[in-house]
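Spelled out, the chains give:
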Amino acid sequence: MKESELDIQRIDPTLYNEDLAPLKHKDRNWGAFEIFNVWSNDIQSLFGYTLAASLFLAYGLNGWAVMAAIILAGVIVMFLVNLTGKPSVKYGIPFPVMVRASMGVRGANLPAMLRAIIGIFWYGVQTYFASTAVALLIVALFGAGNGATFLGLSGVAWLSFVIVWVFQIAIFWQGIERIKHFLNWAGPLVYVVMVVLMIVVWYQAGSELLPAISTIFSGGGERSGSAVAAFLAIVGTMVAYFAAVVINFGDFTRFVKTERQMKLGNLLGLPLNVAFFSFIALIITAGTLVLFGDALTNPADIVERVDSLPLTIVAALTFFAATVGINLVANFIPPAYDLANLFPSKISFKVGGLITAVVAFFVGALWVSVISQIGVPGFVNALGAIVAPFYGIIVVDYYLVKRQHLDMQQLFSSEPGTAYYYVKGWNTRALVAFGGAALFSISTVLVPALAGLDGYGWMMGAALGGLFYYGLMHSYRAAPVAPAT
């Protein structure tokens, strides 16, 4: 397509600002390495490590089968994000603009705001978790203080929380380029430290390491149900872990020069990256079984048992970088765009990010004393299940209904009769498809009888959303798409 087609001819201030506008290919500077680091930062958090390590222990499954399930999940996610990333590579638009094609120019705010709420919540929670790494460092260097607490946090914990919160604002306020540089630095650094930790554990465990790996690989733990069900549960769990980024992957691929670079970054960053990271987690977990008598899956517990100041300092900095990395990828960039889409003339990407940070401050500050105690995470997980059908709707709309052609001029127009205006800016057919599929996906979270489907709720919700949407839109004829001028 011609670069001139990405120039918006008539500016509608309710739909357009510079941050939402199509990004021309000549202005993009991301490649496969940057996409790889999006995924590196996504998996290399404290929670990501614990998840990877615990999968070898929790299901009582043969270790080779666990590795196969993890790799299969990586392949599935790679396939899913190649689909959602492609239109943004072609047109240079972020997720909230892309979803206008299926939901309508006004209806797009529904999925955008649901995604924003999820992102803001977890941004606050991950800011708190990143602050625990800084607290670990401060305590190791200067001591724990007098022990007085406010809202469940000590003075050191509060200082650490504010440091992380301000640090993240300082990065995003300098724009997407600074975020890119941080991700490109944090991803490889975390890998280097994890490999060094693996080598140290391997060296200390000596000849006892391989028998420990064999013990974990034998799958001798308790397992209820069949091996096939356990295998599928691992696949579903890993896919669900990446689900938040899968829907709005266009927020990142709009900066990529070519589709080939996106696909290469996804190949390196997903099946290969997840497999290698899980292998590292396996070796370290087996080493802790030899060294401490317990298979430890939480990196903080490992550092505490080792009781080495140099290791504590390095580990704290690594945990901090890894957790800030996933926070920027999964929980900051999406709501910043989503909020900008709500009032483009008043909210820029930076202002959207600032709103995200301010609200998230209170979420993180109240996490220990209030939020973690009252079941709010369950509410946010339910929101995550609700969002799943939008994936199917977006993909089916772009590939089967719109046949990979969007009119950029009309994506930014609220004139009645234009291609994406539908009914007063809302595609009612898409709303019906979303409602029907969301009812099922939310049931897997809230209805005890469907609890067994919880791991697959996201994928099933996405599939149903696409199926219902195609059925409702198959005979629908949108307003004719005017050729670009």
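Residues numbered from 1 in each chain as written. Predicted model: local features only at pLDDT ≥ 70, side-chain atom pairs only at ≥ 80, totals over all residues. Heavy atoms only, no water.

### Considering the environment of Ser207
Within the secondary structure, Ser207 is located in the loop between helix H8 (176-205) and helix H9 (209-217). Spatially, the C-alpha atoms of Ser207 and Glu18 are 59 Å apart, while their sequence positions differ by 189 residues. (Helix = DSSP H or I, 4+ residues; strand = E, 2+ residues; numbered from the N terminus.)

### A short note on the pattern of salt bridges
Evaluation of the coordinates by the stated rule reveals 6 salt bridges. With its nearest N and O atoms 3.5 Å apart, the salt bridge here joins Arg10 to Glu415. Of this pair, Arg10 sits in the segment before helix H1 (32-43) while Glu415 sits in the loop between helix H17 (408-411) and helix H18 (428-446), placing them 405 residues apart in sequence. Judged by relative accessible area, Arg10 falls into the exposed class, the value being 64%. Here Lys263 ties to Glu259 by a salt bridge, and the two come within 3.1 Å at their closest N and O atoms. (Salt bridge = Lys/Arg side-chain N within 4 Å of Asp/Glu carboxyl O. Buried < 20%, exposed > 50% of the residue type's maximum accessible area, 1.4 Å probe, protein only.)

### Digging into the side chain of Ser413
Position of Ser413 relative to the elements: it lies in the loop between H17 and H18. Only 3.3 Å separates the side chain of Ser413 from the backbone nitrogen of Glu415, close enough to count as a polar contact. Sequence-distant contacts of Ser413, that is, excluding residues within four places in its chain, are made with Asp12, Leu15, Val105 and Thr418. (Polar contact = N/O pair within 3.5 Å; in protein donor to acceptor, adjacent residues only side chain to side chain. Contact = heavy atoms within 4.5 Å.)

### Quick word on the packing of aromatic side chains
Under the definition given, this model contains 29 aromatic pairs. Each ring, one from Phe121 and one from Trp367, has its centre 6.4 Å from the other, and the planes form 75°; the classification is edge-to-face. Highlighted residues: Phe121 in helix H6 (residues 109-142) and Trp367 in the loop between helix H15 (349-365) and helix H16 (376-401), separated in sequence by 246 residues. Aromatic pair Phe332 and Phe349: ring centres 5.7 Å apart, planes at 75°, arrangement edge-to-face. In this pair, Phe332 sits in helix H14 (residues 309-342) while Phe349 sits in helix H15, placing the two residues 17 residues apart along the sequence. Here Phe332 and Phe349 have matching classes, each one buried. The structure contains a cluster of three or more aromatic residues connected by ring pairs, namely Tyr123, Phe172, Trp173, Phe332, Tyr337 and Phe349. Here the guanidinium or amino end of Arg254 rests over the ring plane of Phe255, the centre of that ring lying 5.4 Å away. (Phe/Tyr/Trp six-rings, centres within 6.5 Å; stacked < 30°, edge-to-face > 60°. Lys NZ or Arg CZ within 6 Å of the ring centre and 35° of its normal.)

### Concerning the confidence of the model for the chain
When pLDDT is averaged across the chain, the result is 87; 93% of the residues are at 70 or more. Confidence over residues 478-485 falls short of pLDDT 50; this stretch has 13 contacts with residues more than four positions distant or in other chains. (pLDDT = per-residue confidence, 0-100.)

### Considerations on empty space enclosed by the protein
The method is simple in principle: a probe with the dimensions of a water molecule rolls over the atoms, and the space it marks as empty is what remains. Evaluation of the coordinates by the stated rule reveals 3 cavities of 30 Å³ or more. Estimates place the volume of the largest cavity at around 70 Å³. Lining of the largest cavity is provided by Val193, Met194, Leu197, Pro299, Ile302, Val303, Leu311, Val314, Ala315, Thr318 and Phe319. The set of elements that each furnish at least two residues to the lining of the largest cavity consists of H8, helix H13 (299-306) and H14. Looking at the lining of the largest cavity element by element, the count peaks at 5 residues for H14. Its residues assigned to classes, the lining of the largest cavity shows 10 nonpolar, 1 polar and no charged. What the second largest cavity holds in volume is close to 60 Å³. Among the elements of the structure, helix H2 (46-58), H8 and H14 are those that each provide at least two residues to the lining of the second largest cavity. (1 Å grid on protein atoms, 1.4 Å probe; cavity = no way out; pocket = protein on both sides within 12 Å on 5 of 7 lines; lining within 4 Å. Points joined across faces, edges and corners; volume = space filled by probe spheres on them. Nonpolar A, V, L, I, M, F, W, Y, C, P; charged D, E, K, R; others polar.)

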